[in-house]
Amino acid sequence: DVKVTQSSRYLVKRTGEKVFLECVQDMDHENMFWYRQDPGLGLRLIYFSYDVKMKEKGDIPEGYSVSREKKERFSLILESASTNQTSMYLCASSPAGPNTDTQYFGPGTRLTVL
Amino acid sequence: AQKITQTQPGMFVQEKEAVTLDCTYDTSDPSYGLFWYKQPSSGEMIFLIYQGSYDQQNATEGRYSLNFQKARKSANLVISASQLGDSAMYFCAMTLYGNNRLAFGKGNQVVVIP
């Protein structure tokens, strides 16, 4: 079974702090993704990576950066956390392929910024 | 850009009954994939079923089936014989072939009652 893990289920940080959210997958997937989920807005893509050291902006990249130094690990960085970044963050991975891009998700991190 | 619409309000379903969740999509691209995910209160997104735009048959996975009507651009999820564990949010999603990005609808809340 595909396993995607995230470093924390719950996280509380203060405004202005630098925040790191870590995601690890164990299925040698090429693609990895970071989403945020807010009530009434569904899931929105922040960034994704299709290879080590490669990244592309999603729909809402402002205020975020990412790092992928190893294939299995994809980090989301909030350079200076703000209260409007309080949200549920979901990481996902998928194999490379032309047709079936099924994404497998981690358990999510509920981040609260005070 | 592709768009996914899920407009049903929250639903209460009697245990052992079938439930249909509506999903319509909008794209001018002929090559795409459609997905349904389940998100229980624990937060993890669980992949349920996939339908490719060129698939001739409707997809089925156990108690889940996808009613794919290409001309109407709809991809409704049918859950047969509902169980209490089916209580969750259900998300419809879509990707264009080779794109790697998933576009999500806003979800349908289902509560199964005994």
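It should be noted that the structure appears before, not after, this text.
Note that the coordinates shown come from a computational prediction; the quantities given were computed from them, not determined experimentally. (Residues numbered from 1 in each chain as written. Chains lettered and ligands numbered in written order. Predicted model: local features only at pLDDT ≥ 70, side-chain atom pairs only at ≥ 80, totals over all residues. Heavy atoms only, no water.)

Novice: Before we go on, may I ask you to explain the interface of chain B and chain A in this structure?
Specialist: Many descriptions give the size of an interface as the accessible area lost when the pieces come together. With 21 residues of chain B at the contact, the number on the chain A side is 27 residues. Buried area between chain B and chain A, summed over both chains or domains, comes out near 1,800 Å², and the portion from carbon and sulfur atoms is 53%. Along the contact surface separating chain B from chain A lie one salt bridge. With its nearest N and O atoms 3.5 Å apart, the salt bridge here joins Arg101 of chain B to Asp59 of chain A. Remark: the boundary between chain B and chain A carries four residue pairs in polar contact (both at pLDDT 80 or more). Those elements giving two or more residues to the side of chain B that touches chain A turn out to be β5 (32-39), β6 (46-52) and β10 (88-96) of chain B. In the side of chain B that touches chain A, the residues fall into ten nonpolar, eight polar and three charged. (Contact = heavy atoms within 4.5 Å. Buried area = accessible area lost by both parts, 1.4 Å probe. Salt bridge = Lys/Arg side-chain N within 4 Å of Asp/Glu carboxyl O. Polar contact = N/O pair within 3.5 Å; in protein donor to acceptor, adjacent residues only side chain to side chain. Helix = DSSP H or I, 4+ residues; strand = E, 2+ residues; numbered from the N terminus. Nonpolar A, V, L, I, M, F, W, Y, C, P; charged D, E, K, R; others polar.)

Novice: How do you make sense of the sheet that holds strand β3 (residues 19-25) of chain A when you look at a structure like this?
Specialist: By way of backbone hydrogen bonds, the strands of a sheet pair with one another, either parallel or antiparallel. Residue and element names in this part refer to chain A. Spatial ordering of the open sheet is given by β1-β3-β8-β7, a layout of four strands whose pairing is antiparallel. For this open sheet the edge positions go to β1 (4-6) and β7 (64-70), each flanked by a neighbour on one side alone. Put simply, the sheet's adjacent strands are angled 20 degrees from each other on average, direction ignored. Pairing of β7 with strand β8 (residues 73-78), which is carried by five bridges, proceeds in the antiparallel orientation. Following the sheet pairing, Lys70 is matched in β8 by Arg73. (Pairing = 2+ DSSP bridges. Axes fitted to C-alpha atoms, helices over the stretch in contact; angles between N-to-C directions.)

Novice: Which parts of the structure should I look at to understand the state of the cysteines?
Specialist: A disulfide bridge is the covalent bond that connects two cysteines by way of their sulfur atoms. Overall, the coordinates contain two disulfides over all chains when judged by the stated rule. At a sulfur-sulfur separation of 1.8 Å, the disulfide partner of Cys23 of chain A is Cys91 of chain A. What sets the handedness of the Cys23 of chain A and Cys91 of chain A disulfide is the S-S torsion sign, and at about -80 degrees it is left-handed. Here Cys23 of chain A, found in strand β3, pairs with Cys91 of chain A, found in strand β9 (residues 87-94); they are 68 residues apart in sequence, far enough to count as distant. For the pair shown, Cys23 of chain A and Cys91 of chain A are each scored as buried. Across the disulfide from Cys23 of chain B sits Cys92 of chain B; the S-S distance is 2.0 Å. Its S-S torsion of about -65 degrees marks the bond between Cys23 of chain B and Cys92 of chain B as left-handed, since a negative value means left-handed. In this pair, Cys23 of chain B is assigned in the loop between β3 (19-21) and β4 (24-26) and Cys92 of chain B in strand β10, connecting sequence segments 69 residues apart. The residues Cys23 of chain B and Cys92 of chain B share a single accessibility class, namely buried. (Disulfide = S-S within 2.5 Å. Buried < 20%, exposed > 50% of the residue type's maximum accessible area, 1.4 Å probe, protein only.)

Novice: So what exactly am I meant to see when it comes to the pairing of strand β5 (residues 42-51) of chain A here?
Specialist: The two faces of the sheet receive side chains in turn, since in a regular strand these alternate between them. Residue and element names in this part refer to chain A. Burial analysis of β5 places seven of its ten residues in the buried class, which makes it a mostly covered element. Examined bridge by bridge, strand β4 (residues 31-38) and β5 share seven bridges and lie antiparallel to one another. By the bridge assignment, Trp34 is partnered in β5 with Tyr47. Counting the residues in the hairpin turn of β4 and β5 gives three residues, including Gly40, whose phi is positive at 80 degrees. Here three bridges tie β5 to strand β6 (residues 54-57), and the two strands are oriented antiparallel to one another. Bridge pairing links Asp51 to Met54 in β6.

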